Amino acid sequence: MTEQTPAPRVAIVTGAARGIGAATAVRLAADGLAVAVVDLDESAGKDTVERITAAGGRALAVGADVSDAEQVQAAVDRVAAELGAPTVLVNNAGVLRDNLLFKMSESDWDTVMSVHLKGAFLMTRAVQKHMVDAGFGRVVNLSSSSAQGNRGQANYSAAKAGLQGFTKTLAIELGKFGVTANAVAPGFIATDMTAATAARVGMDFEEFKKAAATQIPVARVGVPEDIAHTISFLVSEGAGFVSGQVVYVAGGPLD
Ligand code: NAP
């Protein structure tokens, strides 16, 4: 009898056109998963897909706004049809609308809640059926060290703290189906998002990173691959007993 190689697991990474999401998609593909690169605009995901396929991996760019229930369902249905049933989900898509509380508009608040919190909820709700059917699933939600509070980020910090509660509840509800849920809470990671923060406070990005590194025990800022590496572990087959955790990846202790 010939031994059958099992089909590769299928992962969905949201906000995977750039930054942490792109590095995570590339890493999960290198780990042997087929990866759906979900971002607002399908064409924005093409670079990530090309990096994956050039390295011999399998990937698909899918356009969807994670805060829109219909687009989310259509994206998950397309992934299931074209790549296979998704059993790994990384809720990474994110936006900033920083402002001090007295200047924060309702739209700043609603946008951040919609993308981070509602987006993670909609994506997870749409994907969980595939995980339950497979008796295997891995959900990783991107929280942040800002969950502990950060000046100018009342909206973002509330959303990132909310994601920690969401993660723990998923772990409790879905554990018996072989599904784990964990949150990764990055500290300062050099991406377009932190570059935009530097621009907002009127600092050169290199100077901004240098200043941030002086406050970090490992004496450097993070790179997207630092987060991708942690996610790679959490979604691995062997990590089935790690669930409901918040892993701070910040170059030093936070809790
Ligand atoms: P980034 O470079 O700004 O990338 C975010 C990606 O999400 C972009 O490709 C963006 O698309 C996409 N996106 C935004 N809204 C979306 C929506 N509604 N539907 C689908 N995709 C959407 O951010 P990053 O720095 O890599 O951060 C990734 C995640 O890590 C975020 O959740 C962030 O909050 C979290 N995080 C980052 C840091 C850090 O220091 N960088 C620290 C802690 C936590 P567009 O390009 O079209 O906008």
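Residues numbered from 1 in each chain as written. Predicted model: local features only at pLDDT ≥ 70, side-chain atom pairs only at ≥ 80, totals over all residues. Heavy atoms only, no water.

(A) Here's a closer look at the sheet that holds strand β6 (residues 179-186). Strand order across the open sheet formed by 7 strands is β3-β2-β1-β4-β5-β6-β7, with parallel pairing between neighbours. Where the open sheet ends on each side, the last strands, each with one partner, are β3 (59-63) and β7 (246-249). This sheet shows a mean twist of 20° between the axes of neighbouring strands, independent of strand direction. Bridge analysis of β6 against β7 gives 4 bridges, and the strand direction is parallel. Residue pairing across strands places A185 opposite Y248, the latter belonging to β7. Contacts from helix α2 (residues 46-54) reach β2 (34-39) and β3, with the element oriented near 175° to β3. (Pairing = 2+ DSSP bridges. Helix = DSSP H or I, 4+ residues; strand = E, 2+ residues; numbered from the N terminus. Axes fitted to C-alpha atoms, helices over the stretch in contact; angles between N-to-C directions. Contact = heavy atoms within 4.5 Å.)

(B) Spotlight on the site of the ligand. The immediate surroundings of the ligand are formed by 29 residues, with R18, D39, N92, Y156 and T191 found nearest. Between the ligand and the protein, one listed contact pairs a nitrogen atom with a side-chain N or O atom of D65 at 2.8 Å. Of the residues contributing to the shell around the ligand, the split by class is 14 nonpolar, 10 polar and 5 charged. (Near = heavy atom within 4 Å. Polar contact = N/O pair within 3.5 Å; in protein donor to acceptor, adjacent residues only side chain to side chain. Nonpolar A, V, L, I, M, F, W, Y, C, P; charged D, E, K, R; others polar.)

(C) Focus on the pairing of strand β4 (residues 86-91). Within β4, 6 of the 6 residues are buried, which leaves the element mostly enclosed by the surrounding structure. Two strands pair when backbone bridges link them, and β4 and strand β5 (residues 137-142) are joined in this way by 4 bridges, in the parallel orientation. From the neighbouring strand, N91 faces β5, where its bridge partner is N141. Running through helix α4 (residues 106-134), the crossover from β4 to the neighbouring parallel element β5 is right-handed. (Buried < 20%, exposed > 50% of the residue type's maximum accessible area, 1.4 Å probe, protein only. Right-handed = clockwise from strand over helix to strand, strands pointing away.)

(D) Looking closely at the domain arrangement of the protein. We note that the domain assignment places domain 1 (10-187 + 223-248) and domain 2 (192-221) within the protein. Here the C-alpha centre of domain 2 lies 24 Å away from the C-alpha centre of domain 1. Contacts between domain 1 and domain 2 engage 8 residues on the former and 6 residues on the latter. For the pairing of domain 1 and domain 2, the buried interface totals around 550 Å² over both sides, and the portion due to carbon and sulfur atoms is 47%. On the domain 1 side of the contact with domain 2, R18, L96 and D98 bury the most area, a combined 58% of that side's loss. Across the domain 1-domain 2 interface, the total number found is 3 salt bridges. For R200, the salt bridge goes to D98, with nearest N and O atoms at 3.1 Å. Scanning the region where domain 1 abuts domain 2 turns up 3 residue pairs in polar contact (both at pLDDT 80 or more). Looking at side-chain class alone, the side of domain 1 that touches domain 2 contains 4 nonpolar, 1 polar and 3 charged residues. (Domains from an automatic or database assignment. Buried area = accessible area lost by both parts, 1.4 Å probe. Salt bridge = Lys/Arg side-chain N within 4 Å of Asp/Glu carboxyl O.)

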